[in-house]
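# Structure at a glance
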Amino acid sequence: MTNQTNTLSENIIKEFKVNGAVFLPGIFSNWVDCLRKGVSAVMKAPSERERSYEKNKDTPGFFNDFCNWQRINELRDFVYNSNSGEVAAQLMCSRTARFFHDHILVKEPGSSTVTPWHQDQPYYPVEGFQSVSFWIPLDPVPRKRSIEFIKGSHTWGQFKPRRFDGTDLFPNDPRNHFPDIDELSCSPKLLGSEMSPGDAAAFNFNIFHRAPANSSKRRRRVISMRWVGDDAKFAVRLGRTSPDFSYLNYRDGEPFNAPEFPLVFGRKTAE
């Protein structure tokens, strides 16, 4: 697979740092066919982590599956051989880029499932400011059905995570629930864009984001590829994380260097 240019402009890197998210047109366009094949393989044989949503049996579904890169050749190829690791390191201002996990999100035509406002990092067993998710559509996505972000909200701190049905993921978590975005005293500045296959929305794990239902007659396939940088540490949460890595034996604050999270770009200096 031929790589595309890996060098981002200083303006793009600054925009990511300040806003917490940036859109990268065509950054992975050479990998669309490969990723489509990988998503198809996962949907035909989902993993044990598969978790799909539907309001009732007559409602088109929202397919979710995690952490398939090790068993699906096309996803592993993207992790190790695409330009994503180097692009991630540049955005994070990190010497290294360590792969965290993949997440497949497919909203079927007519799916009424809305992805509500949330931030990702409180769900994960990892802490560190240097993080980036690439939200990569494999079908055309108009602005009104695309992911959107609240500019600068990656600096708001972390809040108590909720499942998408509104219940608390960690009931004993002492952190506050995140604010009702629609009731903020000042209107948040939203960041969104029409997207084409192979574009990417790159965003920090702590930014608030959402995605609307798929009211169209076309399937909306997306794969997220998530990365962490030099400052990543394991984080012990007050319950099962999403995705679940409870089988790993780690202590809070330890270096995030399990084999499940390979160092793809750069090299750590000797300690």
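First, a word on what this report is: a plain description of the structure on this page. Keep in mind that what you see is a predicted model, and the values were worked out from it rather than measured.

Regarding its fold elements, the chain presents 4 helices and 13 strands. For 271 residues, the compact-globule formula gives about 18 Å, and the C-alpha radius of gyration of the chain, at 18 Å, lands near that figure. Its C-alpha atoms put the chain at 55 × 45 × 40 Å along the principal axes. Intrachain contacts of the chain at a sequence separation of at least 6 include 82% that bridge at least 24 residues.

Before going further, it helps to examine empty space enclosed by the protein. Evaluated as defined, the whole model comprises 1 cavity of 30 Å³ or more. In this structure, the largest cavity encloses a volume near 30 Å³. In terms of lining, the largest cavity is formed by H118, Q119, P122, Y123, F159, K160, P161 and F178. Each residue belonging to the lining of the largest cavity can be placed in one class, and the counts come to 5 nonpolar, 2 polar and 1 charged.

With that settled, consider the packing of aromatic side chains. Throughout the structure, instances matching the rule amount to 23 aromatic pairs. Following the ring pairs from residue to residue traces out a cluster consisting of F100, Y124, F205, F234, F245, Y247, Y250, F256 and F261. The ring of F245 carries R49 above its face, with NZ or CZ at 4.9 Å from the centroid.

When two helices pack together, you describe them by how their axes are tilted relative to each other and by the distance separating the axes. Packing of helix α2 (residues 32–44) against helix α3 (residues 73–81) brings their axes to within 7 Å, and their N-to-C directions diverge by 140°. Classified by the angle their axes make, α2 and α3 are oblique. Read as a crossing pair, α2 and α3 show a hand that is left-handed. In this structure, α2 contributes C34, L35, K37, G38 and V42 to the contact, and α3 contributes E74, L75, D77 and F78. In terms of residue class, the contact of α2 with α3 is built from 5 nonpolar, 1 polar and 3 charged.

Conventions we followed
- Residues numbered from 1 in each chain as written.
- Predicted model: local features only at pLDDT ≥ 70, side-chain atom pairs only at ≥ 80, totals over all residues.
- Heavy atoms only, no water.
- Helix = DSSP H or I, 4+ residues; strand = E, 2+ residues; numbered from the N terminus.
- Rg over C-alpha atoms; globule rule 2.2 N^0.38 Å.
- Contact = heavy atoms within 4.5 Å.
- 1 Å grid on protein atoms, 1.4 Å probe; cavity = no way out; pocket = protein on both sides within 12 Å on 5 of 7 lines; lining within 4 Å.
- Points joined across faces, edges and corners; volume = space filled by probe spheres on them.
- Nonpolar A, V, L, I, M, F, W, Y, C, P; charged D, E, K, R; others polar.
- Phe/Tyr/Trp six-rings, centres within 6.5 Å; stacked < 30°, edge-to-face > 60°.
- Lys NZ or Arg CZ within 6 Å of the ring centre and 35° of its normal.
- Axes fitted to C-alpha atoms, helices over the stretch in contact; angles between N-to-C directions.
- Parallel < 35°, antiparallel > 145°, perpendicular 65-115°, else oblique.
- Left-handed = near helix turned anticlockwise from the far one by under 90°.

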